[in-house]
Amino acid sequence: EMSPQEAAFQDRIDAGETIEPQDWMPEGYRKTLIRQIGQHAHSEIVGQLPEGNWITRAPTLERKAILLAKVQDEAGHGLYLYCAAETLGISRDDMTEQLLSGRMKYSSIFNYPTLSWADIGAVGWLVDGAAIMNQVPLQRTSYGPYSRAMIRICKEESFHQRQGFDIMMKMAKGTEAQRRMAQDALDRFWYPSLMMFGPSDAESVHSAQNMAWRIKINGNDELRQKFVDQTVPQAEYLGLTVPDEKLAWNEEKGGYDFSEPDWEEFFAVLKGQGPESAERMKARRDAWEEGQWVRDAMSAHAAKKAARREA
Ligand code: FAQ
């Protein structure tokens, strides 16, 4: 049963209104937004690591400058998103502590390694491609600070996706060795990219309530299907093969039939058993611990300034 206050809130959502930080909201709405925005923020920050791995080895100065800009953009996305989550009454320190203690997650995709330069192409093309597919609808999400952050983030993600596809074109149309690297990158990133949309709708515990609250606009399977339909012709254009023998155009549904990713692998990755999970968490923990003196110094400085102002 909804209380009158909850019913009034739902009416605002149904009327397409935006909820702002000072507005009343159900505790469940606040909690799930903190979870989703916080996890999204952590993903942007952890997501710098697989690509950061290749900044020093980019093949040309131009590619290096582009990659550097992209990775910096991801840091910026993390910061807007932490700020958006903070408007819900949680601090960035708390979110970080929760990430480090395993109570908060980040996207499964960033638990996979980037083994060659072609992987940087595949990450931009497929991972940013999947991110955009999920985030364009989130520009219309019901929580104002999140939806506004998404508008800027989506503009930057489009550039990221283009740069990834550009790397793939160069590799796929390059020497035979380069073409093989591009195919290998697609082979390894295809199913992990499909996992980014979350479990099937039947397994998705949050979808129904989140869609009622317009925190989420589309179901996981719907976006996964759209991603496959968009990406397969791009793979064909590149002359690469999607690693799925069951992939076939289905005229009746107007989309591709395709194989599901290995969901056991997905849930293992979520439990921290991905190939790079330990490495990623170690990088975050080291950064947090090594930055402690900076946070201490800034707090001490702020306290000193406040005391001087009072005197
Ligand atoms: N990874 O009930 P649902 C980027 C969890 S893009 C890890 O369906 P929901 C850009 C889920 O949290 C990546 N966990 O959940 C970039 C829940 O667990 P919980 C970030 C996942 O929330 C590119 C459980 O499974 N984008 O960073 C995943 O309704 C390149 C049950 O799932 C976003 O976060 C997963 N893939 O739907 C950066 C977008 N999928 O919390 C650098 C915003 C599900 O109960 C380089 N988020 N889980 O313990 C969303 O749209 C949603 O949260 C979904 C999941 C669609 C991810």
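Check the entry above for the structure.
Because the structure is predicted, anything quoted here is derived from the model rather than measured. (Residues numbered from 1 in each chain as written. Predicted model: local features only at pLDDT ≥ 70, side-chain atom pairs only at ≥ 80, totals over all residues. Heavy atoms only, no water.)

Enquirer: Just checking my understanding: could you explain the site of the ligand for this structure?
Expert: Every one of the 35 residues lining the ligand counts as a neighbour, but Lys105, Ser108, Ser204, His206 and Lys216 are closest to it. Gln39 places a polar side-chain atom, nitrogen or oxygen, 3.0 Å from an oxygen atom of the ligand. Burial of the ligand by the protein amounts to 90% of the accessible area it has alone, namely 1,100 Å². Contributions of two or more residues to the shell around the ligand are made by helix H2 (27–46), helix H4 (61–86), helix H6 (117–138), helix H7 (144–172) and helix H11 (263–273). Ranked by residue count, the leading element in the shell around the ligand is H2, at 6 residues. Among the residues forming the shell around the ligand, the class breakdown is 12 nonpolar, 14 polar and 9 charged. (Near = heavy atom within 4 Å. Polar contact = N/O pair within 3.5 Å; in protein donor to acceptor, adjacent residues only side chain to side chain. Areas by Shrake-Rupley, 256 points an atom, 1.4 Å probe, with all protein chains shown as cover. Helix = DSSP H or I, 4+ residues; strand = E, 2+ residues; numbered from the N terminus. Nonpolar A, V, L, I, M, F, W, Y, C, P; charged D, E, K, R; others polar.)

Enquirer: Sorry, what's going on with a negative patch on the surface here?
Expert: On the surface, Glu86, Asp93, Asp94 and Glu97 cluster together into a patch of negative charge. Looking at the negative patch element by element, the count peaks at 3 residues for helix H5 (residues 92–100). Summarising the element assignment, Asp94 is placed in helix H5. On the basis of relative accessible area, Asp94 is assigned to the partly exposed category, the value being 41%. (Patch = residues over 30% accessible without salt bridge, like charges linked within 9 Å, V, L, I, M, F, W, Y side chains within 5 Å. Salt bridge = Lys/Arg side-chain N within 4 Å of Asp/Glu carboxyl O. Lys, Arg positive; Asp, Glu negative; His and termini not counted. Charge placed at Lys NZ, Arg CZ, Asp CG, Glu CD. Buried < 20%, exposed > 50% of the residue type's maximum accessible area, 1.4 Å probe, protein only.)

Enquirer: Please explain the side chain of Asn111 as it appears in this structure.
Expert: Position of Asn111 relative to the elements: it lies in the loop between H5 and H6. What makes Asn111 buried here is its relative accessible area of 3%. Within the structure, the side chain of Asn111 is placed 2.5 Å from the side chain of Tyr106, a separation counted as a polar contact. Excluding residues within four positions of it along the chain, Asn111 makes contact with Tyr106, Val269, Gly274, Pro275, Glu276, Ser277 and Arg280. (Contact = heavy atoms within 4.5 Å.)

Enquirer: When you look at the side chain of Glu44 in this model, what are you seeing that I'm missing?
Expert: Relative to the helices and strands, Glu44 is located in helix H2. No salt bridge is formed by the buried Glu44; the nearest opposite charge belongs to Lys70, separated by 7.5 Å. When near neighbours in sequence (up to four residues on either side) are disregarded, Glu44 contacts Glu74, His77, Gly78, Leu81, Gln135, Ile153 and Glu157.

Enquirer: Honestly, the environment of Tyr29 in this entry has me stumped. Any pointers?
Expert: Its location among the elements puts Tyr29 in helix H2. With a relative accessible area of 0%, Tyr29 lands in the buried category. Taking C-alpha positions, Tyr29 is 35 Å from Gly52, a pair spaced 23 residues apart along the chain. In contact with Tyr29, other than residues within four places in its own chain, are Phe9, Ile13, Ile19, Ser142, Tyr143, Trp213 and Ile215.

Enquirer: I'm lost on unusual backbone geometry in this one. Help?
Expert: Outside of glycine, negative phi angles account for most residues, and trans bonds account for most peptide bonds. Phi at Arg214 is positive, roughly 55°, even though this residue is not glycine. Position of Arg214 relative to the elements: it lies in the loop between helix H9 (207–212) and helix H10 (220–238).

Enquirer: I'm lost on the pattern of salt bridges in this one. Help?
Expert: Note that side chains of opposite charge can pair when their charged atoms are close. Counted by the stated rule, this structure contains 17 salt bridges. Among the salt bridges present, the one from Arg148 reaches Glu20, with a minimum N-O distance of 2.9 Å. Of the two residues, Arg148 sits in helix H7 while Glu20 sits in the loop between helix H1 (4–14) and H2, which places them 128 residues apart along the sequence. The class for Arg148 is partly exposed, based on a relative accessible area of 46%.

Enquirer: What is the right way to look at the packing of aromatic side chains in this model?
Expert: Aromatic ring pairs are described here by two measures, namely the spacing of the ring centres and the angle between the planes. Applying the stated criterion to the full structure yields 11 aromatic pairs. Centroid distance Trp249 to Tyr256: 5.0 Å. Interplanar angle 80°. Geometry classified as edge-to-face. Taking relative accessible area as the criterion, Trp249 reaches 46% and is therefore assigned partly exposed. Among the residues examined, Tyr256 registers a relative accessible area of 12% and is labelled buried. Aromatic ring contacts, followed pair by pair, group Phe9, Trp24, Tyr29 and Trp213 into a single cluster. Here the basic side chain of Lys173 rests over the ring of Tyr237, its NZ or CZ set 5.6 Å away from the ring centre. If you follow Arg295 out to its NZ or CZ, it ends over the ring of Trp288, 3.5 Å from the centre. (Phe/Tyr/Trp six-rings, centres within 6.5 Å; stacked < 30°, edge-to-face > 60°. Lys NZ or Arg CZ within 6 Å of the ring centre and 35° of its normal.)

Enquirer: Quick question: what am I supposed to make of the nonpolar core here?
Expert: Within the largest apolar cluster, 45 residues are counted, with the highest numbers of intra-cluster contacts made by Trp117, Trp125, Trp190 and Phe227. Going through the elements one at a time, H4, H5, H6, H7, helix H8 (176–195), H10 and helix H12 (277–290) are the ones with two or more residues in this core. In terms of residue count, H6 provides more of this core than any other element does, 10 residues in total. (Core = buried A, V, L, I, M, F, W, Y, C linked by side-chain atoms within 4.5 Å.)

Enquirer: I tried to follow H2 on my own but got confused; where do I start?
Expert: What sets the pattern is the α-helix's 3.6 residues per turn: residues three or four places apart point alike. Taking 1.5 Å of rise per residue, the 20 residues of H2 would be expected to cover 28 Å, and the 28 Å separating its terminal C-alpha atoms lies within 8% of that figure. Within H2, 15 of the 20 residues are buried, which leaves the element mostly enclosed by the surrounding structure. (Expected span 1.5 Å × (residues − 1).)

Enquirer: Just checking my understanding: could you explain a positive patch on the surface for this structure?
Expert: A contiguous patch of positive charge on the surface is contributed by Lys304, Lys305, Arg308 and Arg309. The residue Arg308 is located in helix H13 (residues 292–310) in this model.

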